[in-house]
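In case you want the letters, here they are:
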Amino acid sequence: MVQPDGVPRAVVTPSRLGRCLWYARRNPAGVVSALLVLGVILVAIFGDFLAPFDPARVAAGPRLSRPGARYLFGTDHLGRDLLSRIIAGTRVALFLGFTSILASTVLGTAIGLLAGWFEGFVDQVLSRLVDALMAVPALVLALALVAMLGPGFDKIIIALTAFSIPTVARTVRGTVLAAKQNLYIEVARALGGTTSRVLLRHILPNVTAPLIIVMTLQLGAAILGEAALSFLGLGVQPPAVSWGQMLSGPARRMMEQAPWLVIFPTLAISVTVLAINFLGDALRDIWDPKLRGSE
Amino acid sequence: MLQYIAGRVLASVPLLLLVSLLAFSVVRLIPGDAVMLMVAEIGNLSQQQLAQIRAELGVDRPFPQQFLIWLAGAAQGDLGRSIWTGRSVGREILRTLPVTAELALLSIAISLLVAIPIGIVSAVWRNSPFDYSGRLLAMVGLSVPEFALATVALLVLSLHVGWVPSLVYVPLWEEPWRNLGTLAVPSLILGFGLAAVTMRMTRSAMLEVLREDYVRTARSKGLPEIAVIVRHALKNAFNPIVTIIGVQARRLIGSTVIIETIFALPGIGRLTIDALLNRDFIQLQGCILVIALAVVLLNLLVDLSYAWLDPRIHYR
């Protein structure tokens, strides 16, 4: 790689750690959000040890108790500890978010790779399918899928996967189309590389950075999507707990006497998604050369 | 230009066919069929009655045949009848569509009024405290779900102002003020979410344009800064801003589903949710089709508006 001024980039590139530190200093919001996301992940993993009460236990305390020393976030109309329920909801939100993002990444990448690489007929068919998915609002599609397939975590994952596939597929396709123009791809093919080898060894690495950015932002969207499904009563069903579900039904009817019922779940969703979105933005700053240096 | 429009409209025909197939298949993922669901609701029916209901609904035919019959009807504006209420699906959609359209237009208007000025000032005063707070606000708008925002807004309004959403909806042409009063809070909430994305787009588009040579020329020939920004920069930054409005149409219509449910507005979003919860598959496939149609149409309008906004683009 040679930069426009003729200096070989290898000479000016500092060590990997040095580069990370440089980005970290330039983007404190990115560091804070990364730490927050890590914190949320730890809460999801070690929730059982952190939760002061069993989230499903009715009458763990008095009903509608205000937030205080014993019940940090208060209790709900059945006397369940709100903090423990928020912690349980963290695991549900992240589990559904991560699994659906993983599934949509695998499927979306496959679609995008094929469409971008083969162009022509394959591209036409796959791209029109993605367009069709794009025409239906993601939330409506997810709602319809969940309503038709019935309740259950696996069904929610299917719905949220359909929610993200089009975005992933489009991003990958665009990147592949651009990466294909590189000389080294031509070389790899001229040297007799099979299609699958060229795709996996030479094209796929180009896709990684944009994919990680899209995955991060879509993770936020998937968590919001799950919350919306559960809010409307079509997502996570009791006894499982979800932040969206905590905001619906009884909580809304009693929010004037007990505002903490809606305030804490709202904060949980918002802070988590805010941190994820800030992280996605920071990653874009680092990886997207078009935007680098423009801020 | 006319040729381009005709081409674009023709090009969306296969897309619309795929979309209708999607709408039609999604509602058929239901385990068993709708008739079994009706049986569960109504109670015991004889085999003969079951067969009769299936024949009336057409679900005894093979899938491709069902699809073609529905498609032929849809092309003539007949989307069938609701399996529960027996009402015409098309008429129900026509009744609810204006409510959603008004809500969507109001939210887009609010979002533009908020987002474009903030985006411009953010770009011009880059890295100022104003810029940082504007960007933080946009991030909050992206991350707080509408239903949570609506819930908190209802809480604050009812506790401090004593305002509760009206349960009766009056059309705009009957009582305009009351109608706008009903739609104000929901469209502010939707507008805030939209403004977040538009503001980010305005800011980055302006940053890009402000670096251009002609902006430097305009400044150096002594034009007042406001003229440089509005007449030279903003005009050229408009394309990406319009694009993002098209992209957001999809998200906006998705959000109206939730907002209409929370604020008890009789729009198509609410109709869709009711159809979903009742598993009224004929109503549901009609709603999904019309919603997708609206998204495709809005994006088409956005595409066409490029030429109008940017004289450099000629469609040939």
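Residues numbered from 1 in each chain as written. Chains lettered and ligands numbered in written order. Predicted model: local features only at pLDDT ≥ 70, side-chain atom pairs only at ≥ 80, totals over all residues. Heavy atoms only, no water.

## Overview of a nonpolar patch on the surface
Residues and elements named next belong to chain A. The grouping of Val31, Leu35, Leu38, Leu42, Ile45, Phe46, Phe49 and Leu50 at the surface amounts to a nonpolar patch, some 810 Å² of accessible area in total. Among the secondary structure elements, Leu38 is positioned in helix H3 (residues 28-50). Assessed through its relative accessible area of 48%, Leu38 is described here as partly exposed. (Patch = residues over 30% accessible without salt bridge, like charges linked within 9 Å, V, L, I, M, F, W, Y side chains within 5 Å. Areas by Shrake-Rupley, 256 points an atom, 1.4 Å probe, with all protein chains shown as cover. Salt bridge = Lys/Arg side-chain N within 4 Å of Asp/Glu carboxyl O. Helix = DSSP H or I, 4+ residues; strand = E, 2+ residues; numbered from the N terminus. Buried < 20%, exposed > 50% of the residue type's maximum accessible area, 1.4 Å probe, protein only.)

## Some thoughts on the interface of chain B and chain A
Each side of the interface is counted separately: chain B has 50 residues, and chain A has 47 residues. Here chain B meets chain A over a buried area of about 4,000 Å², counting both sides, of which 76% is carbon and sulfur. Put simply, chain B and chain A have one salt bridge between them. B:Arg200 is paired through a salt bridge with A:Asp281; the nearest N and O atoms lie 2.9 Å apart. At the junction of chain B and chain A, the tally comes to four residue pairs in polar contact (both at pLDDT 80 or more). Those elements that place two or more of their residues in the side of chain B that touches chain A are helix H1 (2-26), helix H6 (129-143), helix H7 (146-161), helix H8 (176-210), helix H10 (225-262), helix H11 (268-277) and helix H12 (281-309) of chain B. For the side of chain B that touches chain A, the element with the most residues is H7(B), which contributes eight residues. (Contact = heavy atoms within 4.5 Å. Buried area = accessible area lost by both parts, 1.4 Å probe. Polar contact = N/O pair within 3.5 Å; in protein donor to acceptor, adjacent residues only side chain to side chain.)

## Some thoughts on the nonpolar core
Residues A:Leu143, B:Phe147 and B:Phe263 are the most contacted members of the largest nonpolar core, which totals 115 residues. In contact with B:Phe147, not counting residues within four places along its chain, are A:Leu224, A:Ala227, A:Ala228, A:Phe231, A:Gly244, A:Leu247, A:Ile269, B:Ile258 and B:Ile262. (Core = buried A, V, L, I, M, F, W, Y, C linked by side-chain atoms within 4.5 Å.)

## Examining the confidence of the model for chain A
Regions with low pLDDT should not have their predicted coordinates read in detail. Summary statistics for chain A give a mean pLDDT of 81 and a share of 91% for residues scoring 70 or more. Segment residues 291-295 of chain A is flagged for pLDDT under 50; beyond a separation of four residues in sequence, or across chains, it makes 14 contacts in the model. (pLDDT = per-residue confidence, 0-100.)

## Focus on the packing of aromatic side chains
Scanning the model with the defined rule gives six aromatic pairs over all chains in all. Ring geometry for B:Phe67 and B:Trp70: centres 6.3 Å apart, planes at 40 degrees, overall tilted. Taken together, the residues span about one helical turn, with B:Phe67 and B:Trp70 both in helix H4 (residues 63-75) at a distance of three residues. Given the relative accessible area of 8%, B:Trp70 is considered buried. Residues B:Trp125 and B:Phe130 carry aromatic rings whose centres are separated by 6.4 Å and whose planes lie at 90 degrees to one another, so their mutual orientation is edge-to-face. Residue classification places B:Trp125 among the exposed residues on the basis of a relative accessible area of 52%. A relative accessible area of 35% means that B:Phe130 is categorised as partly exposed. Following the ring pairs from residue to residue traces out a cluster consisting of B:Phe24, B:Phe67 and B:Trp70. The ring of A:Trp117 carries the charged tip of A:Lys180 above its face, separated from the ring centre by 5.9 Å. (Phe/Tyr/Trp six-rings, centres within 6.5 Å; stacked < 30°, edge-to-face > 60°. Lys NZ or Arg CZ within 6 Å of the ring centre and 35° of its normal.)

## Some thoughts on the packing of helix H5 (residues 89-124) of chain B against H10(B)
All names here are of chain B. Axis separation between H5 and H10 bottoms out at 9 Å; the angle between their running directions is 140 degrees. When the axes of H5 and H10 are compared, the pair comes out oblique. Between H5 and H10 the crossing geometry is right-handed. On the side of H5, the interface is formed by Thr100, Leu103, Ala104, Ser107, Ile108, Leu112, Ile116, Ile120 and Val124, while H10 contributes Ile229, Leu234, Phe238, Ile241, Ile245, Leu252, Thr256 and Glu260. Residues that form the contact of H5 with H10 fall into these classes: 13 nonpolar, three polar and one charged. (Axes fitted to C-alpha atoms, helices over the stretch in contact; angles between N-to-C directions. Parallel < 35°, antiparallel > 145°, perpendicular 65-115°, else oblique. Left-handed = near helix turned anticlockwise from the far one by under 90°. Nonpolar A, V, L, I, M, F, W, Y, C, P; charged D, E, K, R; others polar.)

## Examining the environment of A:Thr216
Residues and elements named next belong to chain A. Here Thr216 shows up in helix H9 (residues 195-231). Spatially, the C-alpha atoms of Thr216 and Ile101 are 8.8 Å apart, while their sequence positions differ by 115 residues. If sequence neighbours within four positions are ignored, Thr216 has contacts with Ile276, Leu279, Gly280 and Leu283.

## Some points on the pattern of salt bridges
Here the structure, examined in full by the defined rule, presents 13 salt bridges over all chains. Close ionic contact of A:Arg173 with A:Asp123 constitutes a salt bridge, the shortest N to O distance being 2.8 Å. In this pair, A:Arg173 sits in helix H7 (residues 153-179) while A:Asp123 sits in helix H5 (residues 120-135), placing the two residues 50 residues apart along the sequence. Given the relative accessible area of 27%, A:Arg173 is considered partly exposed. The shortest N-O distance in the salt bridge between B:Asp131 and B:Arg203 comes to 2.9 Å. Of the two residues, B:Asp131 is situated in helix H6 and B:Arg203 in helix H8; the sequence distance between them amounts to 72 residues. Comparing B:Asp131 with B:Arg203, the two get one shared label, buried.

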